Structures are given as structure tokens and as C-alpha cells.
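Spelled out from the first residue to the last, the chains are:
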Amino acid sequence: MAQKGVQLDRETFSCSICLDLLKDPVTTPCGHSYCKNCIQSFWDGEDEKRSHSCPQCRQTFTPRPVLLKNTMLAALVEELKKTGLQAAPADHCYAGPEDVGCDVCTGRKLKAFKSCVQCVASYCEKHLQPHHDAAPLKKHKLVEPSQKLQENMCSRHDEVMKMFCRTDQQCICYLCSVEEHKGHDTVTAAAERTERQRELEGSRLNIQPRIQDGEKDVKLLQQEVKVINRSADRAVEDSEKMFTQLIRLMQKRSSDVKQQLRSQQESEVSRVKELQEKLEQEITELKRKDADLKQLAHTEDHNQFLHNYPSLSPLSESTLSSSINIPLRYFEEVTAAVSQVTDELQDVLREKWTNISQTGTEVDVSLSAEPKTRAGFLKYSRDITLDPNTAFRQLLLSEGGRKVTAMSHQSYSRHRDRFTGWYQVLSRESLTGRSYWEVERSGGGVCVAVAYKNISRAGRGLECGFGHNDKSWALDCYNNRYTFYHNNVHTPVSGPVSSRLGVYLDHRAGVLSFYSVSDTMTLLHRVHHTFSQPLYAGVSLHYPPGDTAEFCKLK
């Protein structure tokens, strides 16, 4: 009970900010007491707010109160200090099961503030003080609290391992270096760290471009999200308007649809009759012309024939027949029309909108038409460059990264993205949205492809080859024959052979098309697929030396 009373006194006379016994205690207008420096520092941080609060009860004061010394508390605290008692640390200052405890503290240990590599011990803030004060200890290396300090000790000699054996690639102590590791290539751990640090920095330099590429891809995906959101919002708004207009239109037309149909009938009949009259006039003129020609054709006198022939005007082309377009079932009965519209609306609501809720890409299949002309494709042209980190070692890339040539072994550095068993290379750029590019080929065989970034790279397994797995799609042109590959399924493709191939990708709509490009564009093969990741353009060569493929720079 007496101990409990002492503990109560400790808590009562402790500052709630620093959790230590009050030093130069002052009292706020609300009655709470703090160390003078603690509450002043606290309020200094609130000066910008123009009002100040009590850290305990949160009562605010404007302007900043003048603090007065609490003489009674000051006297009581001095009495507590004379008894040798100090404020008990808060529970969060003690080391828990997952924390590193102070090796000097007795009883319940405080959390370690630092660990000393030389001392192989951890210290709380109080017991760390000698390392700040004593000159020999100031040279010790302090690190963040660690429970693995014993791993720095040699299990054989119980010495700190300050050496590194490069021969055996392990940390050792000085005695190890003159005994079982004698004659080995040994350096100080600090020297080895410096060397490894340089290697680490080199690795980081290699990583940075990949991070930048990844961040670019993330930005593209973020832009894609914005496009999707805008498109969805616009589609919802437009569909609501259209449905509302459709309902209003059906209600309005239910009473006067017959009259409107008759009016339209009269207008169309008048138009057709006018065309009919003009056409009949043209037929009459043609018959007259035919009679003149027939008469001239039967003229027996050659000179008379030649004399009259130039006087006949040349036959003009008809300007009417091309404008005549007779639609099938131009008019339908009202009940049939309403029935058809109803059936179509039910189909849309039952099927199409269900598909849209499952796969957003199908919206673009119906709304995003594929271009019909090369000029239309060029609106979506992408500047494709090849990534040397993916190129097979017997492929030579041009300086600009557009052209790849089958050559002898190249001195590429090791890279986890490199294809090691297939004569393949991928683009630097990831492809989302709409993209179009063209590849100029020469030689015996070139394969034009797209692939996910996570396609396998090592070895000659089918999981690495373009078109032989579910992560890539490829059109192969070999000996002037086309074959499409996906998931190791081969599909023969017919079409005009050209040295230039065009590839069109609508990622959102799930459309991938290959074209033969010459004076005209001819569709060779089209794929519909829900692409789950960004794609990368790629080419593969069949390796007769000198075979090339070049990504064209499109205007």
C-alpha cells in the first residue's frame, strides 16, 4: 500500500508533456500544471493559430496567457527529489516482447535508444549518455536498436567480426584472419562495404530507368482511369437522356403517328415521281439519240457517214440513276414498328447492358469503329522504339532503337528482361488505348507481335516465344506465307504479301488487327480479346544473318 501511494505521488507530480517530474512548474488558467519549458514550447508551436490550448483539457485561451510559477508544486517536487524518487516512465517507454531492451537497465527494462556495434549492447537514452560524453566511447559506431548484435560476434573467438574474407565470402574476426582464413583474400568489413556500396549504387542506377518506365506506365494507366470514368459518366448521362426522350417520343407519337406517316408518304412519293419524270425524259432523249445513231449506222455512203458522224454529240453519263435508292420495307405498320423497338430494347437491357457491367471493354467494340483508311490509322500512330534490355544476344539494334538485325553474338550485359532462347525483342513503350504502327521487313522470316510484360524470358520453352503462349499474339511472315499464332494455336492467313505490315490495337475495345500495307491496306487477321494488362510491341527474326525488321517513323 505504501508503494502504491508513492507511485501515485510520482504520477501526480509528473508533467503530462515530458512525463518527468515537474521542473519549474507553472499553472495554466484552467488549473493544469506543466514544466515551464514544456508548455512554452507547446504554445510556441501554436502561435500561428492565434489561440492557445491546454494539452490536457483542450480549453483555449486568447491571447496567450501569462504563466505564473506554482510555488506549492515547486516545493513539493523539491521534497520528492530529496527522497531520491523520480517520475516513473510511461508504459510505452518500457520494452515489450517485440522491442529491443536496454542491456544496462535492471528489473523492467526501458526501450533501447541506440545499439553499439563495438560494445555489442543496446542502451536506453539515459545509459547511452557515456557514449556521448566519454572520448573513447564517442568513436563507437551507434546504430538503430537491433536484436541481431550477436550476429556480429565470432562464435569461435567471441570477438567482434571487423574483417571480411572475400575467398569464403563471409565476415570474420581478426583472429580468424590469421588462423583458419590465413592466406585468404581478406579486407576490413568497412572496405568491403565501400566496394559493395559502389555495386549497390550501380544497381540503383540500373533500377532508376525501370522505375521511371514503370511510373510512366502508371501515369498512362491513371489517364486511362480518367478516360474510363469520363466515358462512363458521359454514357450514363446520354443513355438517360435518350431513354427519357424515347419514352416521351413514344407517348407523343401514339396519337398522331398515322398522320405523320401519311405526310412522309406524300413527300416521298412526290420525290420519287419527280425523279421518275426526269428519268423518263432522259430515256426519251436516249431513244432519240439511239434512232439517230441507228439511221447513221445504216447509211451506205461512206462519205456521207463520215460527214454526219462528227455532228452527233457524245453520249453524256446519267446523273439520276446513281441517286436512286429504293429502301427495303421503307414503311412499316405502327404495331410492327413498336413491336420491333420493344424487342430490341428488351434485348439490350437483357444482354448488352449485362455484358457492359461485366466487361467495360465491350462498350468500345460497338462505339469505337476501326479506321477504314491509312490516313485514319495514322491518327493513332505510335512512335515505337526497341528496348535493348530485352533483345536476344544475336540481335543488333540500331542507334535509334527502331531497327533490329540478325547478327553474330552481341556484348549485351546480363538483364532479367532479356530473351535468352528466342530471337526476339520488345518495345520500350507500353500500349493502351488506341495505337497503330508499321514494321518494314526484309529477309526470310519476320514475326510481328504484341505481348504482356510478364511474358517469360529465359530459355527456349514455348512460354517465351511470341504467339506460343497466352501472353502474346503474333503474325508470322515466312517464305511469303502468313500464319497467326496465339497460345500455340496456328491459324493460316491469306492475303497479299508486302514488305510492310501494319498493326492496329484498340486496347479498351479488345481489338488487335494486322494489315498488309502497300498502295492500299488489306486486313490479314483480326483478334477480339479482353486484354488484362498493357501490351508491348515486339518482333522476332528467323535468323538467316542479315534479316531485319524496322519500326517505321510515321508522319
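In this text the structure is predicted, and so the values were computed from the model without any measurement.

K.L.:
Just to check I follow, could you spell out helix 3 (residues 71–82) for this structure?
P.N.:
Residue pairs spaced three or four apart in an α-helix point in one direction, given the helix's 3.6 residues per turn. In a regular helix each residue adds 1.5 Å, so twelve residues correspond to 16 Å; helix 3 covers 17 Å between its end C-alpha atoms and thus fits that length. Among the residues of helix 3, those classed as buried are Leu73, Ala74, Val77 and Leu80. Buried residues of helix 3, viewed axially, fall in a sector of 120°; they line one side. In helix 3, the exposed residues that point more than 90 degrees away from the buried face are Thr71, Met72 and Lys82.

K.L.:
Can you help me understand the sheet that holds strand 10 (residues 170–172) in this one?
P.N.:
Strand-to-strand pairing in sheets goes through backbone hydrogen bonds, with the strands running parallel or antiparallel. Strand order in this open sheet of three strands is 10-9-11, and the pairing throughout is antiparallel. The open sheet has two edge strands with one neighbour each: strand 10 and strand 11 (186–188). The mean angle between the axes of side-by-side strands here comes to 35°, regardless of whether they run parallel or antiparallel. Bridge count for strand 9 (residues 163–165) against strand 10 is three bridges, and the pairing is antiparallel. The residue of strand 10 that forms the bridge with Cys165 is Gln170.

K.L.:
For this particular structure, what's the right way to read the side chain of Asp217?
P.N.:
Within the secondary structure, Asp217 sits in helix 7 (residues 189–297). If near-sequence neighbours (up to four positions away) are discounted, Asp217 is found in contact with Ser430, Lys453 and Tyr536.

K.L.:
Help me understand the environment of Lys555 in this model?
P.N.:
Here Lys555 is to be found in the segment after strand 24 (548–551). With a relative accessible area of 92%, Lys555 lands in the exposed category. Taking C-alpha positions, Lys555 is 7.6 Å from Leu378, a pair spaced 177 residues apart along the chain.

K.L.:
Quick question: what am I supposed to make of the nonpolar core here?
P.N.:
As a rule of thumb, soluble globular proteins bury nonpolar side chains together. The biggest cluster of nonpolar side chains holds 38 residues, and the ones touching the most others in it are Val404, Val425, Trp437, Trp473, Leu512 and Phe551. In this structure, Val26, Cys54, Phe61 and Leu67 belong to the second largest nonpolar core, which totals 16 residues.

K.L.:
Just to check I follow, could you spell out the confidence of the model for the protein for this structure?
P.N.:
The pLDDT averaged across the protein works out to 83; a share of 85% of its residues lies at or above 70. Scored below 50 in pLDDT, residues 1–8 shows three contacts in the model against residues more than four places distant or in partner chains. Every residue in residues 354–367 scores below 50 in pLDDT, and together they form ten contacts with partners more than four places removed in sequence or on other chains.

K.L.:
Is there a simple way to explain the packing of aromatic side chains in this structure?
P.N.:
The description of an aromatic ring pair rests on the distance of the ring centres and on the angle between the ring planes. Overall, the coordinates contain eleven aromatic pairs when judged by the stated rule. Clustering of aromatic rings is evident, with ring pairs tying together Phe377, Tyr380, Tyr436, Tyr504 and Tyr515. A cation sits over an aromatic face here: Arg457 above Phe419, 5.1 Å from the ring centre.

K.L.:
Just checking my understanding: could you explain the pairing of strand 16 (residues 445–452) for this structure?
P.N.:
The two faces of a sheet get side chains in turn, since along a regular strand they alternate between them. Where burial is concerned, most of strand 16 is hidden: eight out of the eight residues are buried. The side-chain alternation of strand 16 yields two buried faces, one formed by Gly445, Cys447, Ala449 and Ala451 and the other by Val446, Val448, Val450 and Tyr452. Sheet topology note: the strand 16/strand 17 (residues 472–478) ladder contains seven bridges and is antiparallel. The residue of strand 17 that forms the bridge with Val450 is Trp473. Direction of pairing for strand 16 relative to strand 23 (residues 535–541): antiparallel, over a ladder of seven bridges. Within the sheet, the bridge partner assigned to Cys447 lies in strand 23 and is Ser540.

Calculation notes
- Residues numbered from 1 in each chain as written.
- Predicted model: local features only at pLDDT ≥ 70, side-chain atom pairs only at ≥ 80, totals over all residues.
- Heavy atoms only, no water.
- Helix = DSSP H or I, 4+ residues; strand = E, 2+ residues; numbered from the N terminus.
- Expected span 1.5 Å × (residues − 1).
- Buried < 20%, exposed > 50% of the residue type's maximum accessible area, 1.4 Å probe, protein only.
- Arc of directions from axis to C-beta.
- Pairing = 2+ DSSP bridges.
- Axes fitted to C-alpha atoms, helices over the stretch in contact; angles between N-to-C directions.
- Contact = heavy atoms within 4.5 Å.
- Core = buried A, V, L, I, M, F, W, Y, C linked by side-chain atoms within 4.5 Å.
- pLDDT = per-residue confidence, 0-100.
- Phe/Tyr/Trp six-rings, centres within 6.5 Å; stacked < 30°, edge-to-face > 60°.
- Lys NZ or Arg CZ within 6 Å of the ring centre and 35° of its normal.

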